[in-house]
Amino acid sequence: MQRFFIFVFVCFVLTRAEAAPDFNRDVRPILSSRCFKCHGMDDKARKADLRFDLRESALDVITPGQPDKSEFIKRVFSHDENEIMPPLAAKIPLTDKEKQTLREWVQNGAPYAPHWAFVKPQMPKVPPVINAALVKNPLDNFIIARLEQAGLNPSPPADKYTLVRRVYLDLIGLPPTPQEADAFVQDTAPDAYEKMVDSLLASPQYGERWARRWLDLARYADTNGYEKDRNRIIWPYRDWVVRALNDNLPFDQFSIKQLAGDMLPNATPDDKIATGFHRNTMLNEEGGIDPLEFRYLASVDRVATTGTTWLGLTTGCAQCHTHKFDPITHTEYFQLMAFLNNADEPDYEIPDETLSQRRSEAKKREAELLAALPEKWPVPLEVNWKTPDAEATISSDAPVEKQANGVLKFPATDKNSYTITFETDSPTDRLKLEVLKEGNEGPGRTPHGNFVLNEIEIAIAPKAAPEKSERVKIVGAEADFSQQNFPITDAIDGKPDTGWAIDQGGNAHFNRTATFTFAKPIGFEGGTRWTVKLHQNYGQKHVIGQLRLSLGQTKQSDNLPLDVVRREALQTRFAAWEKEESARAAQWQIVRPARIKSS
């Protein structure tokens, strides 16, 4: 596609006829800049009911082939300030060369041609040359013929290092590496140049280089413009343009997909992405704007861009009046705007297999979490607590003192591990650890009463076979207070360097409670022997002074399912809240007046 347009452009430039003036190339620019304002498409500005944009009207003052009998030529060459055209007051006089061009045009029959933007390009005839040895491809014919006509010789061929640098910069915008330049210079094959060009045309950098030109026409930007100028997600369109150029997509398909890719039969995601061409308009997100005002401005931009990019025309003038220079009427402008303004602007999510898979996994996880949400809702539990008769030993072999109500008192040591054993007859689903102060001391043995419980381990065994011990999995831990960075959950994380502590601003002289829950009620028929180990490795006397262990079993009234219990608990709490708030609420009574009078 790119090579085709380069070829057409070169042919257009190099085949300019020297004999008769070309209407679109030589004559129309003069008429547009000097005559159309008063004698053109705009019926409201037109004078003398004369139009130079239409041949049949212009023939009222032009006699084809006879410039001396043409009123048009007489006025152009006149020296009378009342007759000369354009009028002196317009201050846009014709040059001698422009006057001569118009005279030669009339002399040659005053031929007209459609506006060049509406003329299909034609492949020109390849001109003959005298020095045919210089010709290596048809483009050379045009260049050499023009040089021979001017009596010039071609420049000598560039050396291979210069040539490889030029080609790289032209095609991909980057210079060759030293290795690439050396490879071309050392390639003595007759088709070395062609191979280099083909490799560059096939490289991804080719599309990146030339896409920039098209993206400028498409007013591509990664932000919305206006005062907030937020980021916009439209880079897939940029990548589409790069791919289209690298794939050498035919220009008709390149155009159709960008203007109406979503309307193609069985439009693919790529076809829809291509329509991003007209999603590049600026977007105002400022508060208080009128959205329709900026939709109108976006439509104006789309009309202008469509005209400039595909028609080769400036359409902006026709927004206010019929165009004075290009063949677009005021009505036609708004017909094109209506076509573009009727388009929808939906957001488009680009299909992505990886993203779809991740989204599917996320939705599955979402469903699982939602299903488990009721289980996380707090339920008012009734727990039967029993304090067993326990025995305790410590790693330092110091004596442990048993007190009333199941309280165990431990000596002050730097660090220690407590092993507490007891037996039960019924299953249980939780264990409560109460750490208790003694007078103004404790519950820890530090001066400020703190301790660090690094880890708690629980094991059970049948009472009749204590050697068959098994570790109990603790599924949850809660405490009525935890020191910052020392949460109760650190006591069950399996890490010896973390733990639970209770310091509160330099003071830990408070009774505290921690509860450890199991996945289900545990115990053996015939009785269970329990072994609870408390590891305290922090040092500096951060050990527990007094504690009590209790085992609990949750009660559920009437054996109701948990979801029912949760719902009833929520309803009860809401009713209590409503009653409390109602008592504080003002009672309002609507007054119905017997008579209303207004001034």
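In this numbering scheme, every chain counts its residues from 1 along its sequence in written order. Only residues with pLDDT of at least 70 get local features here, since the model is predicted, and only at 80 or more are side-chain atom pairs given and counted; chain-wide, interface and lining totals rely on the full set of residues. Hydrogens and waters are ignored; side-chain quantities use all the structure's heavy atoms.

J.: I would appreciate a short explanation of the pattern of salt bridges in the present structure.
T.: In what follows, salt bridge is the name for a side-chain nitrogen of Lys or Arg lying within 4 Å of a carboxyl oxygen of Asp or Glu. Tallying each qualifying case throughout the model produces 24 salt bridges. In this structure, Arg295 engages Glu345 in a salt bridge whose closest nitrogen and oxygen atoms are separated by 3.6 Å. Of this pair, Arg295 sits in helix H15 (residues 291–311) while Glu345 sits in the loop between helix H16 (330–341) and helix H17 (353–376), and the two are 50 residues apart along the sequence. Under the relative-accessibility criterion, Arg295 is labelled partly exposed at 28%. Between Lys409 and Glu438 there is a salt bridge, and its shortest N-O distance comes to 2.7 Å. Taken together, the residues span a long stretch of sequence, with Lys409 in strand E4 (residues 408–409) and Glu438 in the loop between strand E6 (428–435) and strand E7 (455–462) at a distance of 29 residues. Under the scheme applied here, a residue whose accessible area is under 20% of the maximum for its type counts as buried, over 50% as exposed, and between as partly exposed, the area being computed with a 1.4 Å probe on protein chains only. By relative accessible area, Glu438 is classed as partly exposed at 30%. One continuous salt-bridge network, built from bridges that share partners, spans Arg295, Arg302 and Glu345. Only DSSP runs of H or I with at least four residues qualify as helices, and only runs of E with at least two residues qualify as strands; both kinds are numbered from the N terminus onward.

J.: I would appreciate a short explanation of the side chain of Asn24 in the present structure.
T.: Positionally, Asn24 belongs in helix H2 (residues 23–34). What qualifies as a polar contact is a pair of N or O atoms within 3.5 Å, subject to a donor-acceptor requirement within protein and to the restriction that residues adjacent in sequence count only when both atoms come from side chains. Here Arg28 takes part through its side chain, which lies 3.0 Å from a polar atom of the side chain of Asn24. Aside from chain neighbours lying at most four places away, what touches Asn24 is Pro29, Ala113, Pro114, His115, Trp116 and Val119. Note on contacts: a residue pair is in contact if any heavy atoms of the two residues lie within 4.5 Å.

J.: What's the story with the packing of helix H8 (residues 160–172) against helix H10 (residues 192–201) in this structure? I'm lost.
T.: Working note: a packed helix pair is described by the angle between its axes plus the distance between those axes. The convention used is that axes are lines fitted to C-alpha atoms, helices contributing only their stretch in contact, and that angles between N-to-C directions extend from 0 to 180 degrees. As a packed pair, H8 and H10 sit with axes 10 Å apart at the nearest point and diverge in direction by 25°. One finds that H8 runs roughly parallel with respect to H10. Considering the relative orientation of H8 and H10, their crossing is right-handed. Here H8 contributes Leu163, Val164, Val167, Tyr168, Leu171 and Ile172 to the contact with H10, which in turn contributes Tyr193, Met196, Val197, Leu200 and Leu201. Each residue gets one of three labels, nonpolar for Ala, Val, Leu, Ile, Met, Phe, Trp, Tyr, Cys and Pro, charged for Asp, Glu, Lys and Arg, and polar for the others, Gly among them. Split into classes, the residues belonging to the contact of H8 with H10 amount to 11 nonpolar, no polar and no charged. Here the word oblique covers every angle except those under 35 degrees (roughly parallel), over 145 (roughly antiparallel) and from 65 to 115 (roughly perpendicular). It is the rotation of the near helix from the far one that decides the hand of a crossing: anticlockwise by less than a right angle makes it left-handed, clockwise makes it right-handed.

J.: Help me understand unusual backbone geometry in this model?
T.: Most peptide bonds take the trans configuration, and most residues that are not glycine carry a negative phi. The peptide bond linking Met85 to Pro86 adopts the cis configuration, its omega dihedral lying at -5°. One can find Pro86 in the loop between helix H5 (71–77) and helix H6 (96–107). Even without being glycine, Ala110 reaches a positive phi, approximately 50°. Among the structural elements, Ala110 can be located in the loop between H6 and helix H7 (138–149). Residue Asn405 is not a glycine yet carries a positive backbone phi of 60°. Overall, Asn405 belongs to the exposed group, its relative accessible area being 63%.

J.: Help me understand a nonpolar patch on the surface, please; the structure alone is not making it clear to me.
T.: Within the patch definition used here, like charges are joined within 9 Å and nonpolar side chains (Val, Leu, Ile, Met, Phe, Trp, Tyr) within 5 Å, considering only residues with over 30% relative accessible area and no salt bridge. Accessible surface is estimated by sampling points in the Shrake-Rupley manner with a 1.4 Å probe; for residues, cover comes only from the protein chains shown. A cluster of nonpolar residues, Tyr226, Met282, Tyr296, Leu297 and Phe334, forms a patch on the protein surface that exposes about 440 Å² of accessible area. Look at Tyr226 and you get partly exposed, because its relative accessible area is 33%.

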